[in-house]
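Listed below, chain by chain, are the residues.
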Amino acid sequence: MQKFGQALIILLLIISLCGNCFCEQKPPQEKSVNNSEIIQPGGQLNLKAENQAFSSPEKALASSTLISEASWLKREARYPEALEAINQAIALLKKSELKDSLAKAYRIAGQCYYATGLIDKCLENYHSALKIYEELGLEMLADETNADIIGASIFLDKSQKSIDYAYQFINDGRPKSDALLAQLYTNIALAYFIDQPAEAIKVAKKALTFADNEKSVGVKVDALSLLGHSLIALKSNNEAREYLEQAESIIKSHDLKEKKQQIYNDLARYYYEQGETQKALQYVNKALPIAKTSENFIGEFISYSILHDIYAKTGDFKKADHYSQIIIEISHDRCKDKLIKEQKAQSIKYDLQVRNKEIELLKQEKSIKELKLNRQFLITAFAASAMLLVGGLALAAFIAYRNNARALRIEARLSRQDPLTKLFNRRAIYEILDVEIARFERSRSPFSLLLTDIDYFKKFNDQYGHDCGDTVLKMLSETFKNMIRKQDKIARWGGEEFLIILPETETEGAFRLAEKLRQTIADTVFEHNGIKLNITMSFGVSQYIPSADIDTSVKAADKALFRAKKAGRNRVICA
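Since we're looking at a predicted model, the values are computed, not measured. (Residues numbered from 1 in each chain as written. Predicted model: local features only at pLDDT ≥ 70, side-chain atom pairs only at ≥ 80, totals over all residues. Heavy atoms only, no water.)

### A look at unusual backbone geometry
A positive phi angle is found at Asn529, which is not glycine, with a value near 50°. With respect to the element layout, Asn529 can be found in the loop between strand 4 (525–528) and strand 5 (531–534). A relative accessible area of 70% means that Asn529 is categorised as exposed. Within the chain, Asn570 stands out as a residue other than glycine whose phi angle is a positive 55°. When you line up the elements, Asn570 lands in the loop between helix 24 (550–566) and strand 7 (572–574). Taking relative accessible area as the criterion, Asn570 reaches 27% and is therefore assigned partly exposed. (Helix = DSSP H or I, 4+ residues; strand = E, 2+ residues; numbered from the N terminus. Buried < 20%, exposed > 50% of the residue type's maximum accessible area, 1.4 Å probe, protein only.)

Structural data, given as structure tokens:
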């Protein structure tokens, strides 16, 4: 997962989460009532009292307390608790005449759903709030809710429509506050970010001119974050750092807990791009606990994506693979019911018990073409690979929505592909070995293994640097892929070792292919940064032994490889 937009990507800049600051109107003042049986400690509605017939003053008090509690919890980035409180308030207010309070509650709910990546629910609540504000003639609050809707709509593959509507909204001749203009221009910059980072920079700077006040401090952080990542995309890293550090200073001075996870991820991505992996780790380890506590799916997704990239870059592929699995689990868990319902049935003619392993592999290989996920999954699924976007922005989900196939490809690659060579990883090759064993049990068709590694590989790293070693691994991977058959499978076994599976091939045929590979590599002059490299490889060959487990056959190939090394290298030996 080497970069989400250059890879993943990254997921989506969470903007306008402080939007409810526009609607801090107090509910109508009612006479004091005894609320001991209505409100529990901490502001939670007494569920036992929820079904009682409240009087208007009691409803006003209960709903006001719940709204205040939800607003505070949202500022603390405790979104699950905020949603619990605000949804209780909505249930209570639906049975009242307090329409302005109901609209405010809908808007807070929309902001919380937005923060957790549930865009459909977010827009549903925003539109409910907008309808009430328009009915009551509260134009300013209606305008601010419209701005929220524009920002959320960007997630639904409506970037250009959102841009056009935002500019139309700005230029309709009606007066607008600086805070509202700052939010609108930040939304426009976000819409431009994916395809036009230079335009995003211009618009985000304009947003900053309107965000220079206490009411727009959250929007200012979002605009600074967008500027930072747009500049990273354009390779203007020094300027990007200035904006991101300015955003960090603001969240510290104003204690903006709901923005901390976002900016910490942003800085982690920046330092990763700069090659400062220790600093990147420091920041991502600050961001991840906040995202987990708040159940911020997007924030978790970005943090784990950055961790994957860091460990893949430093060569710790075991940890990189671990984090790629977490990313996939997050994506699947969020909508696993939808996945189960919408995955097409496989047409398998053979006995399911015998072919269980093969079926699982086929599902993975064909899932890109055969899965048709609903809109909510596309929003929350990865970007797979995520993933892989341009920075700490939460754009991964958005890109996944725009391109379903790309999201699924990234997911498949993360779980089964070596990041450097793009070959299968060890776990994937074991799955393929299970398939070959099942095939052998059905047809008794033999298969063989080639285990090979690079002779004196350490010298390439020691003499020319690790970049040279990486280049050698990638060049050899391409050579192998070009020379083996379509049905053959190759994996990076570990370090400088490769394992090749040769279906329907006995020892003699495997030996001939290994010798051909060995000779071709020895005769080829490879090149790295103008340096000519002579590479040789040693090979161990074994045929699958049906009376033992697969590890026995792998060990036999490994022993043959060891003998080839001891015999002088650059040779093929059969088990």
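### Focus: the pairing of strand 5
One ladder, built from four bridges, connects strand 4 with strand 5; its direction is antiparallel. Bridge pairing links His528 to Ile531 in strand 5. Connecting the antiparallel pair strand 4 and strand 5 is a turn made up of two residues, with Asn529 showing a positive phi of about 50°. (Pairing = 2+ DSSP bridges.)

### Brief notes about helix 4 (residues 119–136)
For helix 4, which comprises 18 residues, the first-to-last C-alpha distance of 26 Å matches the rise-based estimate of 26 Å (1.5 Å per residue) to within 8%. Every buried residue of helix 4 is listed here: Ile119, Cys122, Leu123, Asn125, Tyr126, Ala129, Leu130, Ile132 and Tyr133. (Expected span 1.5 Å × (residues − 1).)

### Considerations on the confidence of the model for the protein chain
Residues with a pLDDT of 70 or more make up 73% of the protein chain, whose mean pLDDT is 75. pLDDT under 50 marks residues 1–53. Its contacts with residues more than four places away, or in other chains, come to 211 contacts. Throughout residues 365–409 the model reports pLDDT below 50, and contacts reaching past four residues in sequence, or to other chains, amount to 202 contacts. (pLDDT = per-residue confidence, 0-100. Contact = heavy atoms within 4.5 Å.)

### Thoughts on the packing of helix 3 (residues 99–115) against helix 4
In the contact formed by helix 3 and helix 4, the axes pass within 8 Å of each other and the chain directions differ by 155°. By the angle between their axes, helix 3 is roughly antiparallel relative to helix 4. Crossing of helix 3 against helix 4: the hand is left-handed. On helix 4, the residues touching Lys99, Asp100, Leu102, Ala103, Lys104, Tyr106, Arg107, Ala109, Gly110, Gln111, Tyr113 and Tyr114 of helix 3 are Ile119, Lys121, Cys122, Asn125, Tyr126, Ser128, Ala129, Ile132, Tyr133 and Leu136. Here the contact of helix 3 with helix 4 is built from residues that sort into 13 nonpolar, four polar and five charged. (Axes fitted to C-alpha atoms, helices over the stretch in contact; angles between N-to-C directions. Parallel < 35°, antiparallel > 145°, perpendicular 65-115°, else oblique. Left-handed = near helix turned anticlockwise from the far one by under 90°. Nonpolar A, V, L, I, M, F, W, Y, C, P; charged D, E, K, R; others polar.)

### Structural notes on the packing of aromatic side chains
Counting across every chain of the model gives 11 aromatic pairs. Here Tyr185 and Phe210 contribute two aromatic rings whose centre-to-centre distance is 5.7 Å and whose plane-to-plane angle is 15°, an arrangement assigned as stacked. With Tyr185 in helix 7 (residues 178–193) and Phe210 in helix 8 (residues 197–210), this residue pair connects regions lying 25 residues apart in the sequence. Ring pairs connect the aromatic residues Tyr264, Tyr270, Tyr271 and Tyr283, which therefore count as one cluster. Here the basic side chain of Lys286 rests over the ring of Tyr264, its NZ or CZ set 5.3 Å away from the ring centre. Of note, Arg426 hangs over the ring of Trp493, and the distance from its end group to the ring centre comes to 4.0 Å. (Phe/Tyr/Trp six-rings, centres within 6.5 Å; stacked < 30°, edge-to-face > 60°. Lys NZ or Arg CZ within 6 Å of the ring centre and 35° of its normal.)

### Thoughts on the sheet that holds strand 2 (residues 489–494)
The strands making up a sheet associate through hydrogen bonds between their backbones, and the pairing can be parallel or antiparallel. Strand order in the open sheet made by the five strands is 2-3-1-6-7, with mixed pairing throughout. Of all strands in the sheet, those with a lone pairing partner are strand 2 and strand 7, marking the two edges. In this sheet, adjacent strand axes meet at a mean angle of 20° when their direction is disregarded. In terms of strand pairing, strand 6 (residues 537–543) meets strand 7 through three bridges, oriented parallel. Looking at the pairing, Phe539 lines up with Val572 of strand 7.

### Concerning the environment of Ala567
Inspection of the secondary structure assignment puts Ala567 in the loop between helix 24 and strand 7. Along the sequence, Ala567 and Ser538 sit 29 residues apart, while their C-alpha atoms lie 9.9 Å from each other.

### A word on the pairing of strand 1 (residues 447–454)
The element strand 1 is largely enclosed, with a buried count of eight among its eight residues. Burial along strand 1 is two-sided: Phe447, Leu449, Leu451 and Asp453 facing one way and Ser448, Leu450, Thr452 and Ile454 facing the other are all buried. Relative to strand 3 (residues 497–503), strand 1 runs antiparallel, the two being bridged by seven bridges. What sits directly across from Thr452, in strand 3, is Phe498. Where strand 1 and strand 6 come together, seven bridges link them in antiparallel fashion. The partner of Ile454 across the bridge, within strand 6, is Met537.

### A short note on the packing of helix 22 (residues 466–483) against helix 23 (residues 507–523)
When two helices pack together, their arrangement is given by the angle between the helix axes and by the axis-to-axis distance. It is the contact of helix 22 with helix 23, at a shortest axis distance of 11 Å, that shows an interaxial angle of 135°. Comparing the axis directions of helix 22 and helix 23 gives the class oblique. Taken as a pair, helix 22 and helix 23 cross one another with a handedness that is right-handed. Packed against helix 22, whose contacting residues are Leu476, Thr479, Phe480 and Met483, the element helix 23 presents Leu513, Lys516, Leu517, Thr520 and Ile521 at the interface. Among the residues making up the contact of helix 22 with helix 23, the classes are represented as six nonpolar, two polar and one charged.

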